[in-house]
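# Structural overview
Residues per chain are reported as follows:
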Amino acid sequence: MNIILLGPPGAGKGTQAKKISEHFSLPHISTGDILRENISNNTSLGLRAKSYMSRGELVPDELLITIVKDRLSRKDCSGGFMLDGYPRTIPQADALQMILTESGKKIDAVLNISVDDEELIKRLSGRRMCKCGASYHVNFNPPKKEGVCDACKEKLYQRDDDKPDAIKNRLVVYKKQTQPLIDYYNRKKLLRTIDGSKEISQIFEEVKNVLEEYEKL
Ligand code: AP5
């Protein structure tokens, strides 16, 4: 199965992606994680991406298209993949279509996780991260010991783009540049909208049911 997770910042794409990846044994390709890894390794890509990301702007399409083309060509994607955070613009979606057509693949499902702005702001402003990749929320998904990762015991931190001004900008950018993809994939009859305002486990049950339908096709 080849899946795209669509949704505004903070909708829970990363949270659901981890569960989907484990349950359906699909590689989880998060362009945000790839970019953050490049930033922490001080690569030239990371240096170019950093200022866009901390302002809550999108990183230029040509960089993302190259990243995704390379990642999808790896062996672990031959049996399917799940894209989280890509595409985010119509040119990125068109490029993905071309990349997949060239390799005889197609998208099977696009899951659009829908959550209102007020809830998104609460989720993003309370999110805390660990450098091991674990993600928490101060109220909705707190670590056992405040400020410390359950898994590796490192100190948790707040992403630069989870600060108030960047959050506001990310929501504006999402509406302008990414929301049009809802129509784009709806027209292709690939879109399924999931209510992302419920509890994490309830959302995953719905996601699982939807994806199991696709698996049977
Ligand atoms: P990226 O890392 O992709 O960020 P995002 O899309 O803004 O998404 P988030 O990671 O903020 O949220 P999420 O939906 O994954 O929610 P999560 O599960 O963490 O991108 C970052 C930046 O990189 C972009 O702004 C851009 O600059 C750049 N970039 C990346 N891809 C790009 C592309 N294709 N093109 C151009 N630029 C690109 O959950 C959020 C919080 O809520 C967590 O604390 C979680 O515990 C909590 N939570 C989750 N679900 C629930 C629930 N059901 N109830 C209560 N709390 C919940």
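The following paragraphs examine the structure supplied in this document. (Residues numbered from 1 in each chain as written. Predicted model: local features only at pLDDT ≥ 70, side-chain atom pairs only at ≥ 80, totals over all residues. Heavy atoms only, no water.)

### A closer look at the pattern of salt bridges
Where charged atoms from two side chains of opposite charge come close, those side chains can pair. Where we set the bar: By definition here, a salt bridge exists when the distance from a side-chain nitrogen of Lys or Arg to a carboxyl oxygen of Asp or Glu is within 4 Å. Numbering of helices and strands runs from the N terminus, with a helix taken as a DSSP run of H or I at least four residues long and a strand as a DSSP run of E at least two residues long. Per-residue accessibility, obtained with a 1.4 Å probe over protein chains only, is compared with the maximum for each type, and a residue is labelled buried under 20%, exposed over 50%, and partly exposed between these values.
Taken as a whole and judged by the stated rule, the model has 15 salt bridges. Note that Lys131 and Glu154 form a salt bridge whose closest N and O atoms lie 3.8 Å from each other. One end of the pair, Lys131, is in the loop between strand S5 (127-129) and strand S6 (135-137); the other, Glu154, is in the loop between S6 and helix H7 (164-178), and 23 residues separate them in sequence. Residue classification places Lys131 among the exposed positions, given a relative accessible area of 65%. Assessed through its relative accessible area of 34%, Glu154 is described here as partly exposed. Linking Arg192 and Glu213 is a salt bridge whose minimum nitrogen-to-oxygen distance equals 3.2 Å.

### Thoughts on the environment of Tyr157
Just so we agree on the cut-off: Contact definition: two residues touch when any of their heavy atoms are within 4.5 Å.
One can find Tyr157 in the loop between S6 and H7. What makes Tyr157 partly exposed here is its relative accessible area of 38%. Separated by 132 residues in sequence, Tyr157 and Ser25 place their C-alpha atoms 29 Å apart. Residues contacting Tyr157, with those up to four places away along its chain left out, are Arg128, Met129, Cys130 and Lys131.

### Let's talk about the site of the ligand
Basically, it comes down to this: Working definition: residue near molecule or strand if any one of its non-hydrogen atoms lies within 4 Å of it. As used in this structure description, the phrase polar contact means that two N or O atoms lie within 3.5 Å; if the pair is within protein, one of them must be able to donate a hydrogen and the other to accept it, and residues adjacent in sequence are counted only when both atoms belong to side chains. Surface accessibility follows the Shrake-Rupley procedure with a 1.4 Å probe radius. Residue values consider only the protein chains on display as shielding.
Inspection of the region around the ligand gives 37 residues, with Thr15, Glu57, Arg88, Arg127 and Arg170 positioned closest. With respect to the ligand, the side chain of Arg88 contributes an N or O atom lying 2.5 Å from an oxygen atom. For the ligand, whose unbound accessible area comes to 1,000 Å², protein coverage reaches 95%. Contributing elements (two or more residues each) for the shell around the ligand: helix H1 (13-24), helix H2 (31-40), helix H6 (117-125), S6 and helix H9 (200-216). Sort the elements by how many residues they give to the shell around the ligand and H2 lands first, with 4 residues.

### Quick word on the packing of aromatic side chains
Rules: Aromatic rings from Phe, Tyr and Trp, with only the six-membered ring used for Trp, were paired whenever their centres fell within 6.5 Å, and each pair was classed as stacked if the ring planes differed by under 30 degrees, edge-to-face if by over 60, and tilted otherwise. A ring is scored as having a charge over it whenever the NZ atom of a lysine or the CZ atom of an arginine sits within 6 Å of its centre and within 35 degrees of its normal.
Scanning the model with the defined rule gives 1 aromatic pair in all. With a centroid separation of 4.9 Å and 80 degrees between ring planes, the pair formed by Tyr184 and Tyr185 is classed as edge-to-face. With respect to class, Tyr184 is no different from Tyr185; both count as buried. The aromatic ring of Phe204 is capped on one face by Lys19, whose charged end is 5.8 Å from the ring centroid.

### Quick word on the pairing of strand S1 (residues 2-6)
Put simply, the rule is: Here, a strand pair is defined by DSSP locating no fewer than two bridges between the strands.
Of all 5 residues that make up S1, 5 are buried, and the element is covered over most of its length. Alternating positions in S1 separate into two faces, Asn2, Ile4 and Leu6 on one and Ile3 and Leu5 on the other, with burial throughout. The pairing of S1 with strand S4 (residues 109-114) spans 4 bridges and is parallel. Pairing of Leu6 across the sheet is with Asn112, part of S4.

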